[in-house]
Amino acid sequence: MRAFCLLCIALCVCFAQTHSVTDAEVQRVHRSAILIDTHNDITSRTVDGYDIGKNKNDGHTNVTSLKEGGEGAQFFAVYVSSSYVKDNRSAHRTLEMIDTVRHGIVERYPNDFTLATTADDIERIHKQGKIAALMGIEGGHAIEDSLGLLRDYFALGIRYMTLTHTNTNGWADSSGDIDKAGVQHHNGLTPFGKQVVGEMNRLGMIIDISHTADKTFWDALATSKAPIFASHSSCRALCNVPRNMTDEMIAALGKKGGVIQINFNCGFLSEKSAAAGKTVQDSTLPGQAGEDATIAEYRKKVPPATLEDVVAHIDHAVKIGGIDAVGIGSDFDGVFCTPKGLEDVSKFPNLTRALLEKGYSAEDIRKIYGGNTLRLMRAVEAEAKREQAN
Ligand SMILES: [Zn+2]
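Residues numbered from 1 in each chain as written. Predicted model: local features only at pLDDT ≥ 70, side-chain atom pairs only at ≥ 80, totals over all residues. Heavy atoms only, no water.

Caption draft 1: Region of interest: the overall build of the protein chain. When helices and strands are counted, the protein chain shows 16 helices and nine strands. Against the 2.2 N^0.38 benchmark of 21 Å for 390 residues, the protein chain shows a C-alpha radius of gyration of 21 Å, consistent with a compact globule. If one aligns the C-alpha atoms of the protein chain with their principal axes, the spans along those axes are about 75 × 45 × 45 Å. Taking all 390 residues of the protein chain together, 56% fall into the buried category. A fraction of 72% describes how many contacts in the protein chain between residues 6 or more apart in sequence connect residues 24 or more apart. As displayed, the protein chain has an accessible area near 16,400 Å², and 52% of this comes from carbon and sulfur atoms. Here the protein chain holds 42 positive side-chain charges and 49 negative ones, and the gap between their average locations is 3 Å. (Helix = DSSP H or I, 4+ residues; strand = E, 2+ residues; numbered from the N terminus. Rg over C-alpha atoms; globule rule 2.2 N^0.38 Å. Buried < 20%, exposed > 50% of the residue type's maximum accessible area, 1.4 Å probe, protein only. Contact = heavy atoms within 4.5 Å. Areas by Shrake-Rupley, 256 points an atom, 1.4 Å probe, with all protein chains shown as cover. Lys, Arg positive; Asp, Glu negative; His and termini not counted. Charge placed at Lys NZ, Arg CZ, Asp CG, Glu CD.)

Caption draft 2: Region of the structure containing the side chain of Asp208. Examined against the element boundaries, Asp208 turns out to sit in strand β6 (residues 206-208). A distance of 2.7 Å separates the side chain of Asp208 from the side chain of Thr162, its partner in a polar contact. A polar contact is formed between the side chain of Asp208 and the side chain of Ser231, at a distance of 2.6 Å. (Polar contact = N/O pair within 3.5 Å; in protein donor to acceptor, adjacent residues only side chain to side chain.)

Caption draft 3: Structural context of the coordination of the zinc ion. Distances from the zinc ion to its protein donors, namely Glu138 (OE), His211 (NE2) and His232 (NE2), fall within the range 2.0 to 2.2 Å. Spacing between the donor residues of the zinc ion along the chain follows E-x72-H-x20-H. Taken together, the positions of Glu138 in strand β4 (residues 131-138) and His232 in the loop between β7 (229-230) and α10 (247-255) put the pair 94 residues apart, joining distant regions of the chain. With respect to burial, Glu138 and His232 carry one shared label: buried. (Donors = N, O, S within 2.8 Å, 3.2 Å for Na, K, Ca; no water.)

Caption draft 4: Examining the state of the cysteines more closely. Going through the model one piece at a time under the given rule, you end up with one disulfide. Disulfide pairing is shown between Cys266 and Cys337; the S-S distance is 2.1 Å. In this structure the cystine formed by Cys266 and Cys337 twists about its S-S bond by roughly -75°; its chirality is therefore left-handed. A residue pair is termed long-range when its members are at least 10 positions apart, and Cys266 in helix α11 (residues 266-269) and Cys337 in the loop between β9 (326-328) and α15 (348-358) qualify at 71 residues. When sorted by exposure, Cys266 lands in the same class as Cys337, which is buried. (Disulfide = S-S within 2.5 Å.)

Caption draft 5: Looking closely at unusual backbone geometry. Even without a glycine there, the phi angle at Asp145 is positive, about 55°. Note on placement: Asp145 falls in the loop between β4 and α7 (147-155). Residue Asp145 is classed as partly exposed on the basis of its relative accessible area of 47%. If you check the backbone angles, Asp333 has positive phi at about 65° while not being a glycine. Topologically, Asp333 is positioned in the loop between β9 and α15.

Caption draft 6: Looking closely at the pattern of salt bridges. Here the structure, examined in full by the defined rule, presents 22 salt bridges. A salt bridge links Arg353 to Asp23, with the shortest nitrogen-to-oxygen separation between them at 2.4 Å. Taken together, the residues Arg353 in helix α15 and Asp23 in helix α2 (residues 23-32) connect sequence positions 330 residues apart. We classify Asp23 as exposed; its relative accessible area is 54%. Sharing partners across several salt bridges, the network here consists of Arg45, Asp58 and Asp333. (Salt bridge = Lys/Arg side-chain N within 4 Å of Asp/Glu carboxyl O.)

Caption draft 7: A look at the packing of helix α9 (residues 214-223) against α10. In contact at an axis separation of 11 Å, α9 and α10 are set at 15° when each is read in the N-to-C sense. Relative to α10, α9 is oriented roughly parallel. With respect to the hand of their crossing, α9 and α10 are arranged in left-handed fashion. Across the interface between the two elements, Asp214, Phe217, Trp218 and Leu221 of α9 pack against Glu248, Met249, Ala252 and Leu253 of α10. Across the contact of α9 with α10, the residue classes break down as six nonpolar, no polar and two charged. (Axes fitted to C-alpha atoms, helices over the stretch in contact; angles between N-to-C directions. Parallel < 35°, antiparallel > 145°, perpendicular 65-115°, else oblique. Left-handed = near helix turned anticlockwise from the far one by under 90°. Nonpolar A, V, L, I, M, F, W, Y, C, P; charged D, E, K, R; others polar.)

Read these as layout, nothing more, since geometry by itself doesn't imply function.
Dropping the structure here:
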C-alpha cells in the first residue's frame, strides 16, 4: 500500500511537470488568440529595399513565416539610430522608416497587410484574415525636441514611442549610456520630457519605456495618465542586464495596467548568452554595414538561449506583475541571436505548446499573446478621448 501511494505521488509529480499536449490543441489555442508582437525590426532592412514578400532564410521575418507563425498584428519598429542626431537628420530618417512600413510593406502587399492604428482595427483586420501592421518609433530623439513633430508622426500612424534608444536625448535618460562619463544626464525625464509624455497621452500614443534608464521609467510611470508598456524588455531577476526590468518595476507597471512585452534576444534571456555577447564587437545592427562579420562572430561565441528561457521569463513576469501584465515583443530582425526553438516568426506555435505544457490555460495564452495589449491600447485611446473632450 505504501509503495502504491509513493507510485501515485510520483505519477502526480510527473503529470504536473509534463502536461502532454496534442498538436490539435496547440493549433486550436494558437488560432484562438490574436498574436500581437509589439517589436520587429525588419524595417531596418526593408528601408534598404529588402523584399518582405520573398522567402529568404537569412532573416527572422517574411510574409510566409509571419503566416506560419500565426501573427495577427505586428508593430514594426520605426527605428532611428542615434547616429542621425549629429547632423539633425533624425526626422528625415523617421519619415523614411514610416514610409517603409506604409509603402514598402503595406502598399506592396495589400492582400497580406492592412495598416492599423487602433485596437478595433486590429480585431477587424484579424477577422479579414490579414496581418494588422502598426508602427512604433524607437528613439525619442526622432522628435528633435518638437511636440509638433510628435503630432505629425501620430498623424502618420505612429502609435507608440520608445522614449530613448541606447542614447540619452535632450529630455530623457537612457539605460544605454547612463554610466557613461561625458553624457549630460537629467535624472530621468526633464520638465519637457514630462510634457512629451503628456502630449502622447493627449494624442493616444503609448509611452514605451524599453531602453530607458530606470529613473526615466519611474518618471514616465508617475507622469502618464494612461497605462504604459515596455515594447521589448525581459526580466532582470533572470538576466541581470540594464535593458531588462526589475521585479519592482514589473509590479508597479502591472498595477497601473501596463504590460511588459517579453524580448527574445538571447542576451536579455540568458546570463550565459549575455556574458558571451559582451566579448563580441557590437557596433552594428542588422541591415547595417559590417553585419555579416558581426553575426558570424556572434554565432561562434554566443550560446543561444532557449524556448524554455522565454517561458521562464514569461512565467516570472506573470508571477510578479500578474497575468494581465505580460505580452510579446520579440525584437526579431533587431538582434543577432534568437532562442533555440523560437528562431524566427514562424516558430510561435512552439511557444504556445511550451506554455500549454507549463500549465497555462488557453485564456491565459490569449491574454499574453494579444488580449493584454488590446486592453492597454483601449485604455490609451480612452484617455486621449477624455483629454481631447476637455
Ligand atoms: Zn530596441
